[in-house]
Amino acid sequence: MAAKRIAVLVEFNYEELEAWYPVLRFREEGWQTFTVGPVAGTSYLSKRGYPIKAEKSIDEVTENDFDALVIPGGFAPDYWRRDKRFCDLVRNTFEAGKVVAAICHAQWLLISAKVIKGKRATCFCAIKDDVENAGAIYEDSPVVVDGNLITSRCPTDLPDFCKAIIAKLQ
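No experiment lies behind these values; they were computed from the predicted model shown. (Residues numbered from 1 in each chain as written. Predicted model: local features only at pLDDT ≥ 70, side-chain atom pairs only at ≥ 80, totals over all residues. Heavy atoms only, no water.)

*Asks:* Which parts of the structure should I look at to understand the pairing of strand β7 (residues 99–103)?
*Replies:* Looking along a regular strand, one sees side chains alternate from face to face of the sheet. Among the five residues that make up β7, five are buried, leaving the element largely enclosed by the rest of the structure. With four bridges joining them, strand β6 (residues 68–71) and β7 adopt parallel strand pairing. Bridge pairing in β7 places L69 opposite V100. Where β7 and strand β11 (residues 149–152) come together, four bridges link them in parallel fashion. Within the sheet, the bridge partner assigned to V100 lies in β11 and is L149. (Buried < 20%, exposed > 50% of the residue type's maximum accessible area, 1.4 Å probe, protein only. Helix = DSSP H or I, 4+ residues; strand = E, 2+ residues; numbered from the N terminus. Pairing = 2+ DSSP bridges.)

In structure tokens form, the structure reads like this:
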């Protein structure tokens, strides 16, 4: 099987486990895993101050550059949802039938990208109403897979989240 290419979004105030766990897990699979942020080469601090460097800029990637897009939570999705470039990348990736995987508060970006309506999804409990009001069918499960959309609730769901992404890509 050819090595997969995984893009992981990064930004100030990201949830560190939800970014680093997938990055390291997919690299462990031998997959080309890279981070994408507003500015390439910039280090972004997590909610707790742990840095991660954007290896690529949002301006230099398209859905053709990867097989799956991982969107971590934290407060970062609140920035991404206000940036058309990130919304477009998510929408284009989703419409291309590629895996879009979101955890915790990342579903905010799915809502703003307008890809969640009519889909089964889970999320962090604090944004359950947002997800339902956007037209998704909420499920309180560690991971929900609906077509090419994979969602999870929180860091303790990361093993199930990553297993679902791996299974979908194999």
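*Asks:* I'm lost on the nonpolar core in this one. Help?
*Replies:* Nonpolar side chains in soluble globular proteins tend to end up buried together. Formed by 58 residues in total, the largest nonpolar core has its most connected members in L9, I71, V90, L110 and F161. The element contributing the most residues to this core is helix α6 (residues 158–169), with seven residues. Among all residues touching F161, those that are not within four sequence positions of it are V70, A101, A102, I103, V143, I150, T151 and S152. (Core = buried A, V, L, I, M, F, W, Y, C linked by side-chain atoms within 4.5 Å. Contact = heavy atoms within 4.5 Å.)

*Asks:* What should I look at first to understand the sheet that holds strand β2 (residues 32–37) in this one?
*Replies:* In a beta sheet, neighbouring strands pair by backbone hydrogen bonds and run either parallel or antiparallel. Reading across from one edge, β5-β2-β1-β6-β7-β11-β10 is the order of the seven strands in this open sheet, with mixed pairing throughout. Strands with a single pairing partner mark the edges of an open sheet, and in this sheet they are β5 (56–57) and β10 (143–146). Contacting β1 (5–9), β2, β6 and β7, helix α1 (residues 16–28) crosses the sheet at an angle of about 155° to β2. (Axes fitted to C-alpha atoms, helices over the stretch in contact; angles between N-to-C directions.)

*Asks:* Mind showing me how you'd approach the environment of I71 here?
*Replies:* Positionally, I71 belongs in strand β6. Looking at I71, the relative accessible area reads 0%, which means it is buried. For the pair I71 and V8, spaced 63 residues apart in sequence, the C-alpha separation works out to 6.1 Å. Leave out the neighbours within four places in its chain, and I71 touches L9, W80, V90, V100, A101, A102, I103, A106, L109 and L110.

*Asks:* How should I be thinking about helix α3 (residues 84–95) in this particular structure?
*Replies:* Within an α-helix, residues lying three or four positions from one another point in the same direction, as the helix has 3.6 residues per turn. With 12 residues, α3 extends 16 Å between its outermost C-alpha atoms, agreeing within 8% with the 16 Å of an ideal straight helix rising 1.5 Å per residue. Taken together, the buried positions of α3 are F86, C87, L89, V90, T93 and F94. Within α3, the buried residues cover an arc of 160° as seen down the axis, which keeps them to one side. Turned more than 90 degrees from where α3 packs its buried face, K84 and E95 sit exposed. Looking at the residues trailing α3, positive phi occurs at G97, about 80°. (Expected span 1.5 Å × (residues − 1). Arc of directions from axis to C-beta.)

*Asks:* Sorry, what's going on with unusual backbone geometry here?
*Replies:* For residues other than glycine, phi is negative in most cases, and the peptide bonds are mostly trans. Positive phi, normally seen in glycine, also occurs at N13, with a value near 70°. Here N13 lies in the loop between β1 and α1. On the basis of relative accessibility, which here comes to 13%, the residue N13 falls in the buried class.

*Asks:* Looking at this model, I keep getting lost on a nonpolar patch on the surface. Mind explaining?
*Replies:* Taken together, F12, L45, F75 and Y79 make up a surface patch of nonpolar side chains, about 370 Å² in accessible area. Owing to a relative accessible area of 45%, F75 belongs among the partly exposed residues under this scheme. (Patch = residues over 30% accessible without salt bridge, like charges linked within 9 Å, V, L, I, M, F, W, Y side chains within 5 Å. Areas by Shrake-Rupley, 256 points an atom, 1.4 Å probe, with all protein chains shown as cover. Salt bridge = Lys/Arg side-chain N within 4 Å of Asp/Glu carboxyl O.)

Remember that the coordinates give geometry; whether it matters functionally is a separate question.
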